[in-house]
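Listed below, chain by chain, are the residues.
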Amino acid sequence: MANISVIGSGGWGSAMAIMLAEHGHNIMLWSYLKEECEDLKKYRENKPYLPGVKFPDGVEFTHDIEKCCRNTDIIITATPSHAVRATARSMAGYVRDGQIIVNISKGIEEGTYYTLSQVIREEIPGCTIAVMSGPSHAEEVSRKVPTTNVVACESEKTAEYIQDAFMNPNFRIYTNPDVLGVELGGSLKNVIALCAGIIDGMGLGDNTKAALMTRGLVEMSRLGAAMGANPETFNGLSGVGDLIVTCTSMHSRNRRAGILIGQGKTPEEAKNEVKMVVEGIRTCRAAKELSDKVGVEMPIVNEAYKVLFNGLSPQEAIKNLMGRDKKHESERSFLGTK
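- Within an unreviewed UniProt entry, the label attached to the chain reads Glycerol-3-phosphate dehydrogenase [NAD(P)+], and the organism entered is Candidatus Monoglobus merdigallinarum.
- Its UniProt record, at the heading Pathway (unreviewed entry), says of the chain: "Membrane lipid metabolism; glycerophospholipid metabolism."
- Of the comments in the UniProt record for the chain, the one headed Subcellular location (unreviewed entry) reads "Cytoplasm".

1. Things to note about the overall build of the chain
Right, so step 1: Each helix and strand in the chain was counted, giving 15 helices and eight strands.
Right, so step 2: Here the C-alpha radius of gyration of the chain, 20 Å, is about what a compact globule of 338 residues would show, namely 20 Å.
Right, so step 3: Its C-alpha atoms give the chain principal-axis dimensions of roughly 60 × 45 × 35 Å.
Right, so step 4: Looking at the chain as a whole, 53% of its 338 residues qualify as buried.
Right, so step 5: Across the chain, contacts joining residues at least 24 apart in sequence account for 69% of those joining residues at least 6 apart.
Right, so step 6: Counting every atom, the chain has about 15,400 Å² of accessible surface; 50% of that belongs to carbon and sulfur.
Right, so step 7: Distance from the positive charge centre (38 side chains) to the negative charge centre (41 side chains) of the chain: 3 Å.

2. Digging into the UniProt feature "binding site: substrate" (unreviewed entry) in the chain
Right, so step 1: As recorded in UniProt, the sites labelled "binding site: substrate" (unreviewed entry) are Lys 106, Arg 253 and Asn 254. Spatially, the listed residues are clustered: although they cover 149 residues, their C-alpha atoms lie within 13.2 Å of one another.
Right, so step 2: Setting aside residues up to four positions removed in sequence, Arg 253 forms contacts with Val 274, Met 276, Val 277 and Val 278.
Right, so step 3: As for its position among the elements, Asn 254 is in helix H11 (residues 253-262).
Right, so step 4: According to the relative accessible area criterion, Asn 254 is buried, its value standing at 5%.
Right, so step 5: What Asn 254 contacts, discounting residues up to four positions off in sequence, is Asn 190, Ala 193, Leu 194, Val 278, Glu 279 and Gly 280.
Right, so step 6: Side-chain polar atoms of Asn 254 contact the side chain of Asn 190, separated by 3.0 Å.

3. Focus on the packing of aromatic side chains
Right, so step 1: Evaluated as defined, the whole model comprises three aromatic pairs.
Right, so step 2: Note on Trp 30 and Tyr 32: the rings are 6.3 Å apart at their centroids and 65 degrees apart in plane angle, and the pair reads as edge-to-face.
Right, so step 3: A relative accessible area of 7% means that Trp 30 is categorised as buried.
Right, so step 4: Look at Tyr 32 and you get exposed, because its relative accessible area is 64%.
Right, so step 5: Here Phe 55 and Phe 61 contribute two aromatic rings whose centre-to-centre distance is 5.0 Å and whose plane-to-plane angle is 85 degrees, an arrangement assigned as edge-to-face.
Right, so step 6: Phe 61 sits in the buried class, given a relative accessible area of 6%.
Right, so step 7: For Arg 285, the ring lying beneath its charged end belongs to Phe 309, and the centroid distance is 4.0 Å.

4. A word on the pattern of salt bridges
Right, so step 1: Evaluation of the coordinates by the stated rule reveals 22 salt bridges.
Right, so step 2: Among the salt bridges present, the one from Arg 89 reaches Glu 123, with a minimum N-O distance of 2.9 Å. Residue Arg 89 is found in helix H4 (residues 84-91), and its partner Glu 123 is found in helix H5 (residues 116-123); the two are separated by 34 residues along the sequence.
Right, so step 3: Among the charged side chains, a salt-bridge network with shared partners connects Arg 85, Arg 89, Glu 109, Glu 122 and Glu 123.

5. Brief notes about the UniProt feature "domain: Glycerol-3-phosphate dehydrogenase NAD-dependent C-terminal" (unreviewed entry) in the chain
Right, so step 1: In the numbering used here, UniProt assigns the "domain: Glycerol-3-phosphate dehydrogenase NAD-dependent C-terminal" (unreviewed entry) feature to residues 178-319.
Right, so step 2: Segment residues 178-319 splits into 77% helix and 0% strand. End C-alpha atoms: 36 Å apart.

Quick notes on the rules
Residues numbered from 1 in each chain as written. Predicted model: local features only at pLDDT ≥ 70, side-chain atom pairs only at ≥ 80, totals over all residues. Heavy atoms only, no water. UniProt positions renumbered as here; feature names shortened; annotations may be inferred. Helix = DSSP H or I, 4+ residues; strand = E, 2+ residues; numbered from the N terminus. Rg over C-alpha atoms; globule rule 2.2 N^0.38 Å. Buried < 20%, exposed > 50% of the residue type's maximum accessible area, 1.4 Å probe, protein only. Contact = heavy atoms within 4.5 Å. Areas by Shrake-Rupley, 256 points an atom, 1.4 Å probe, with all protein chains shown as cover. Lys, Arg positive; Asp, Glu negative; His and termini not counted. Charge placed at Lys NZ, Arg CZ, Asp CG, Glu CD. Polar contact = N/O pair within 3.5 Å; in protein donor to acceptor, adjacent residues only side chain to side chain. Phe/Tyr/Trp six-rings, centres within 6.5 Å; stacked < 30°, edge-to-face > 60°. Lys NZ or Arg CZ within 6 Å of the ring centre and 35° of its normal. Salt bridge = Lys/Arg side-chain N within 4 Å of Asp/Glu carboxyl O.

This is the structure in structure tokens:
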């Protein structure tokens, strides 16, 4: 039994609050908007994101971030990626040294190219930071659909503490020391899921989508390795696992936005129609600039960037990808393999 605060009352933050409260923890859920907080108190339901799912009695709602940060065992950060720095800064004065913060938001900060845990650590240097990721749609977690995730932390003891606190019959947690790899997998897969949606919106087939997912995973792993992550991490839950679920499910806002773009909508029109944050669009810009900076080839990300920000048509992007120079499938050549 733990006192857990969840910073961010979107779909994923609300789903975590529901799941953990049903597991017996005392939960405080923080909303950025006071009106939203009042609605949650009144209806005990997140009507925009999780309609029909009631919050258990163990969930308390607040607009007071200081109240969330004091006298709590674990703080979960679940805000949109672009709000992570400002939110962490507002928390910093109330967080004690050694406080465990579990970030479940996904993205890369534009400009700095920091992962979100790096952003939090910069704003709250005394905290103990962990990240959790994996194939986990909020709509399914909140309804007790069996789900697995991975928690990553430099401290094995802390990772196991979080694992014990979060695990229940419907939510299984694995541990991993590769914080960077787990975060990059959870962030970069949103770009590939957006592209998968574009393929679906264009009416292309399973062959095309399977190729995109496979080569997209290679790009994710390639960038991760160049930044110091363990390439094997991308074959796990936060890499291929999360990639599969976001590329194939209509729960994925990134895929839904991609479908609209593939049907001819502009990225801005697609975002407005989805009516939720589409992290893949923001992450695409950061991933493209980051890959340029470290000198890593990411052709799918580069073509997605041109579609999203330079007005290239999806048809031309696919033509560019299919017409690239011949390559070996692996990062190795045939030299020395005989």
